Amino acid sequence: MKTKTSVRFMALCGFFIALSVAGAFIKPFGNSIAFDSLPAFLAASMLGPIAGAITGLLGHLISSAIAGFPATLPIHLIIAVEMAVIMVIYSFMARKNNIVIAAVAAIILNGPLATAVFIPILGKGFFMLMFGPLTLIAAINVVLAVIIHRALDSMPSVTKGLGQDINWWFLRRSSEE
């Protein structure tokens, strides 16, 4: 039974990573800012912190590799680690607090704070240039993930066939406590 769950979990992680890579091609501003984090936020809330972190990290690295690491490999490695950490925090906050508080925190973490990390490397000009667009796209990614999650959670036919490991992680766990 454990093997079956692990295989299903890996398959679902792979699905969300593929969605993340596909989302990286949706670039509303024409630059590298895209919708690649939406599937990671969805995986973090539906499957838990590990799935969210894996999806955020690998989704970003794969989509960046396809694009040829436009901001250089070291910068993309930092972003990938940021994504993993943000997904873990979001997943745990959604479980301990509520999805709205977690969403607000995720927007702040994925927008201004994730951008501020690069001030020592790329300067304040980079921060000022990227702050607005990154925060806007972070907000859209997070809000869409919450809406999709809520919609899927209201469809028992979807959740029934997916088994125990897709417990809509934070909602079911918080109701069990």
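Worth saying up front: this structure is predicted, and the values here are computed from it rather than measured.

## A word on the nonpolar core
- Ranked by size, the top nonpolar core spans 21 residues in total, and within it Phe 41, Met 87, Tyr 90, Val 142 and Val 146 carry the most contacts.
- Of all the secondary structure elements, the ones that give two or more residues to this core are α2 (38-46), α4 (73-96), α5 (99-116) and α7 (124-153).
- A per-element tally of this core places α4 first, with 7 residues.
- In contact with Tyr 90, other than residues within four places in its own chain, are Phe 41, Ala 44, Ser 45, Ile 99, Ala 102, Ala 103, Ala 106 and Val 146.
- Counting 8 residues, the second-largest nonpolar core is a separate cluster that includes Leu 12, Cys 13, Phe 16 and Met 46.

## Brief notes about α5
- Over its 18 residues, α5 extends 24 Å from the first C-alpha to the last, a length consistent with the 26 Å expected when each residue adds 1.5 Å.
- Considering bend angle alone, the principal kink of α5 is centred on Leu 109 and spans about 30°; proline Pro 112 follows within four residues of it.
- When we look at burial in α5, the residues that qualify are Ile 99, Ala 102, Ala 103, Ala 105, Ala 106, Ile 107, Asn 110, Gly 111, Pro 112, Ala 114 and Thr 115.
- Its side-chain oxygen placed 2.8 Å from the backbone nitrogen of Val 100, Asn 98 serves as the N-cap of α5.

## Brief notes about the confidence of the model for the protein
- Of the residues in the protein, 84% reach a pLDDT of 70 or more, and the chain-wide mean stands at 84.
- Ranking the elements of the protein by mean pLDDT puts helix α9 (residues 169-176) last with 44 and α4 first with 94.

## Looking at a nonpolar patch on the surface
- A cluster of nonpolar side chains, Phe 25, Leu 58, Ile 62 and Ile 66, forms an exposed patch at the surface whose accessible area comes to about 380 Å².
- Tracing the chain through its elements places Leu 58 in helix α3 (residues 49-67).
- Since its relative accessible area comes to 34%, Leu 58 is described here as partly exposed.

What counts and what doesn't
Residues numbered from 1 in each chain as written. Predicted model: local features only at pLDDT ≥ 70, side-chain atom pairs only at ≥ 80, totals over all residues. Heavy atoms only, no water. Core = buried A, V, L, I, M, F, W, Y, C linked by side-chain atoms within 4.5 Å. Buried < 20%, exposed > 50% of the residue type's maximum accessible area, 1.4 Å probe, protein only. Helix = DSSP H or I, 4+ residues; strand = E, 2+ residues; numbered from the N terminus. Contact = heavy atoms within 4.5 Å. Expected span 1.5 Å × (residues − 1). Bend = angle between axes of the 7 residues up to and from the residue. Polar contact = N/O pair within 3.5 Å; in protein donor to acceptor, adjacent residues only side chain to side chain. pLDDT = per-residue confidence, 0-100. Patch = residues over 30% accessible without salt bridge, like charges linked within 9 Å, V, L, I, M, F, W, Y side chains within 5 Å. Areas by Shrake-Rupley, 256 points an atom, 1.4 Å probe, with all protein chains shown as cover. Salt bridge = Lys/Arg side-chain N within 4 Å of Asp/Glu carboxyl O.

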